[in-house]
Amino acid sequence: MRCVAENASATEQLCGLDGDDRPDAADLVSLGERLTGLRVQWRELHDLEARLRSELHASGIEPEVVPKRAVRDIATARPSWREHPVTARQLQILERLEAETDATFPAGATSTRGQAYDLIASLLAGNIPQAQIRDRLAGPLFMFGPEPLPTAPPTRTPAPVATVPRSKAVPGRRYDTARYVLTRPLTARSPLDCLDEPDAEADAVAKSEVDRPDRFFSWADGQFKVMLLVALADLMTDRAFRDDTFVVFRAMLEDPRAWGELGHYAAEALWESRTGRPVQSPVTAEVTDTIVEARTGPARAVEEHFLDTVRRALDARASALLDTVEQRSRHIDAIQDGIDQAAIVEVEKWSTRGRTAYDPADPLMLPQPDVDPQVAATISKVRNRTARQAIRDQWFHGVELARFEYTTEARHALIADVAVDPRLVDRVGGRRPDYLSAVVGDYARVLIAEAARGASPLRQSAAKALLGDHHPLPIEMFELAYAQWDRIHGPEPTWDEAVAGEWTAWMTMQLRRDPLIGSWAGLPMSPRAPMIEIGVETAFAVVAEERPDLVDATSDIPRARLAAELRGNIIPNLPAPDRPDTSASFTDAGGYCALRLIDHVESERRYFPVLGWDYTLDGGASFTQCGHNARVALGAILEARDKPVPDWIERVYRPYAQADPTS
């Protein structure tokens, strides 16, 4: 009974009533209204839970494996730092950019930090055609081929800037890591220098929020992102820098994944310096890394359940030796936290959200995850970089997929224009489309970038989509280029049928016996471009020595057209070599332009454009240089193994061996 009384007394006090008081009618009405409100909230939360569970089921995820806190945080996410009022520094930078570009921004276009951030980023990247920085590289940066620089008077190189003393807020370890993330050469001054400068606001927030890491990281991420972009704008509008340095700064914006992560690096550094505590337990970091890498790696079966991956990943870890119950408890908590961190990566289809966030009205802008409050809230909760990067990768995959779909017509038009460019057609040389893509792919990218410079934002965005890492250049481009080459050069061979047949038969014989070509006959040509070109040159040299009559009979046909006949018709259909052929003794060595003897595993014959040919017989412990003639290298390795040297090789190899005292 005493317990009942104590419970009753506690209930009365919880309701705001003293023990001697009794509720009157007004109190009862108030309590009833509060009870009704709680029931309404409960129904809303219940409906929200049911909807989330249904969405998880539809995505193939069991709700029981999802961290409940992660679901709650994502569903109830509030606007991120992007909704905060614009800062004074952002307004100053926008005023300077207005003066540098002669552009006028409408009033109210930058009332929030996020709007100002996006506008500054677009202006610095050159994504707005009517707002380009005067006398600087116009338009967005394309990472293939030399970027054209404006013909402005040369500017002076700035004097070396004294290094700003590093504050305790950003340890050098994080600072250097952030520099590495950009993977771009940095000048004497860098936007990252702002992370070393004292920041009273950051220090005050860090001091007041040290016990609320989630809220702190949510604030600090946006704070440092804005600081970095403002610092970059300061440098890009500094006329003391030369044009090539300006391009280096602009290149920093080309990797939105790395740039968007820098705020987290700085926030983590500030947290550790102010609290003396790591961002997360090393055990948590290891577990999260292991699970995320296992989930995204090629070894995982598509249908493998998340918990099965967790079990497989944890079984592979070495067991920790713990002495006390408290240590074991903390260790288990850290492992559970790592599992939860890894599960957050899969609680939502981040690629779908990224795909939805892409704005066709601004085709050059790849939106950061911060534009979606729920994604921003999730990333701010994730303390593990591997998991955070996995979310970002999914997001940008969706963004780039949306851009790829939206620019379909513009991409086809760009492909059609580049495919018939005479500079590309001249490089076809009879190569079939699949082989052609391996030989001229990089040059085609340069032409795509050139064709997009100064064009509409849609065409520039189409070029960005073609030049991205997620999609190879379409084979359609090389098919069109080959068709154009065939229309121009197809009729050039004017030989009669007898000469064509004899020349083809002799060249087929030569290519079959040459290890550079015959040793891999019937296999794909695309990874063997250097060997093919050297083999073609060798074939022309040997035919001039052994069959000058064929050279005379085909003298009215351009040499380039005969070489195209070899690349386009003979080599793709070359039969395997006969056993007496020298090429039957060689096989692929797995390296760049490298072969080895079949009966000697430790042998290798390889070629480098600058150094020429060399070979080894001891597994790479020592190499013998052989100059730039392929027949010399072939004769040297054959003679070193006491194998017969054919006459077509002996003619070139023997004079070299006799003249070289080291051979």
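All residue numbers here refer to positions counted from 1 along the written sequence of the relevant chain. Owing to the predicted nature of the model, reporting of local features is limited to residues with pLDDT of at least 70; listing and counting of side-chain atom pairs is limited to 80 or more, with chain, interface and lining totals taken over all residues. Excluded from the side-chain calculation are hydrogens and water; included are all heavy atoms of the structure.

A few words on the overall build of the chain. Tallying secondary structure elements over the chain gives 28 helices and five strands in all. Each residue's exposure class comes from its accessible area (1.4 Å probe, protein chains only) as a fraction of the maximum for that residue type: buried when under 20%, exposed when over 50%, partly exposed otherwise. For the chain, buried positions account for 46% of its 663 residues. Note on contacts: a residue pair is in contact if any heavy atoms of the two residues lie within 4.5 Å. Within the chain, contacts between residues at least 6 apart in sequence are counted, and of these 69% link residues at least 24 apart. Accessible area of the chain: about 33,400 Å², with a carbon and sulfur share of 54%. Put simply, DSSP H or I for four residues or longer makes a helix, DSSP E for two residues or longer makes a strand, and each gets a number counted from the N terminus. Reported accessibility uses the Shrake-Rupley method at a 1.4 Å probe radius. Residues are deemed covered only where the shown protein chains occlude them.

Another point: the pairing of strand S3 (residues 604–608). Burial along S3 is one-sided: Arg605 and Tyr607 are buried, and none of Glu604, Arg606 and Phe608, which face the opposite way, are. Relative to strand S4 (residues 612–616), S3 is paired through five bridges, and the arrangement is antiparallel. Looking at S4, one finds that Glu604 is bridged to Thr616. Any two strands between which DSSP finds at least two bridges are classified as paired. Where S3 folds back onto S4 in an antiparallel hairpin, the turn is made up of three residues.

Here the focus is the environment of Gly114. By the element assignment, Gly114 lies in helix H5 (residues 113–125). With a relative accessible area of 2%, Gly114 lands in the buried category. Through-space distance from the C-alpha of Gly114 to that of Val86 is 7.8 Å; in sequence the pair is 28 residues apart. The contact partners of Gly114, leaving out residues within four places of it in the chain, are Trp81 and Arg82.

A separate point is the pattern of salt bridges. Take a side-chain nitrogen of Lys or Arg and a carboxyl oxygen of Asp or Glu: if they are within 4 Å of each other, that pair is a salt bridge. Overall, the coordinates contain 31 salt bridges when judged by the stated rule. Measuring nitrogen to oxygen at the nearest pair gives 2.9 Å for the salt bridge that ties Arg353 to Asp372. Here Arg353, found in helix H14 (residues 350–357), pairs with Asp372, found in the loop between H14 and helix H15 (373–381); they are 19 residues apart in sequence, far enough to count as distant. Overall, Asp372 belongs to the buried group, its relative accessible area being 12%. Residues joined by salt bridges that share partners form a network here, namely Arg513, Glu545, Glu546, Arg631 and Arg651.

Turning our attention to the packing of aromatic side chains. Classification of ring pairs rests on two measures: the distance between centres of Phe, Tyr or Trp rings, Trp counted by its six-membered ring, which must be within 6.5 Å, and the angle between planes, read as stacked under 30 degrees, edge-to-face over 60 and tilted in between. Taken as a whole, this structure holds six aromatic pairs when the rule is applied. Seen in terms of ring centroids, Trp81 and Tyr117 are 5.6 Å apart; in terms of plane orientation they differ by 75 degrees. Their pairing is edge-to-face. You can see Trp81 sitting in the loop between helix H3 (68–75) and helix H4 (88–101) and its partner Tyr117 sitting in helix H5, a full 36 residues away along the chain. Accessibility expressed as a relative area gives 3% for Trp81, which makes it buried. The cationic tip of Lys464 hangs over the ring face of Phe142; the distance from NZ or CZ to the ring centre is 5.3 Å. By definition, being over a ring means that NZ of Lys or CZ of Arg is both within 6 Å of the ring centre and within 35 degrees of the ring normal.

The quantity known as pLDDT measures the predictor's confidence residue by residue, on a range of 0 to 100. Of all residues in the chain, 78% attain a pLDDT of 70 or more, and the chain-wide mean is 79. Looking across the chain, the model is least confident in helix H6 (residues 172–182), with a mean pLDDT of 37, and most confident in helix H17 (residues 408–419), with 96. For residues 1–19, every residue scores under 50 in pLDDT, and the model assigns this stretch six contacts once sequence neighbours within four places are set aside.

Take the buried Ala, Val, Leu, Ile, Met, Phe, Trp, Tyr and Cys residues and link them wherever side-chain atoms come within 4.5 Å; each set so joined is a nonpolar core. One finds Trp503, Met507 and Trp613 to be the most contacted residues of the largest nonpolar core, which totals 51 residues. Listed by contribution, the elements that provide at least two residues to this core are helix H22 (497–513), helix H23 (515–518), helix H24 (529–546), helix H26 (559–570), strand S2 (594–597), S4, helix H27 (630–640) and helix H28 (647–659). Ignoring anything within four residues of it in the chain, the contact list for Met507 reads Ala539, Phe540, Val543, Leu566 and Ile570. With 38 residues, the next largest nonpolar core counts Ile93, Tyr117, Val230 and Leu262 among its residues.

The subject of this paragraph is unusual backbone geometry. With a phi angle near 50 degrees, Cys593 is a residue other than glycine that sits in the positive phi range. For Cys593, a relative accessible area of 6% puts it in the buried group. Within the chain, Asp642 stands out as a residue other than glycine whose phi angle is a positive 60 degrees. By the element assignment, Asp642 lies in the loop between H27 and H28. Given a relative accessible area of 70%, Asp642 falls into the exposed group.

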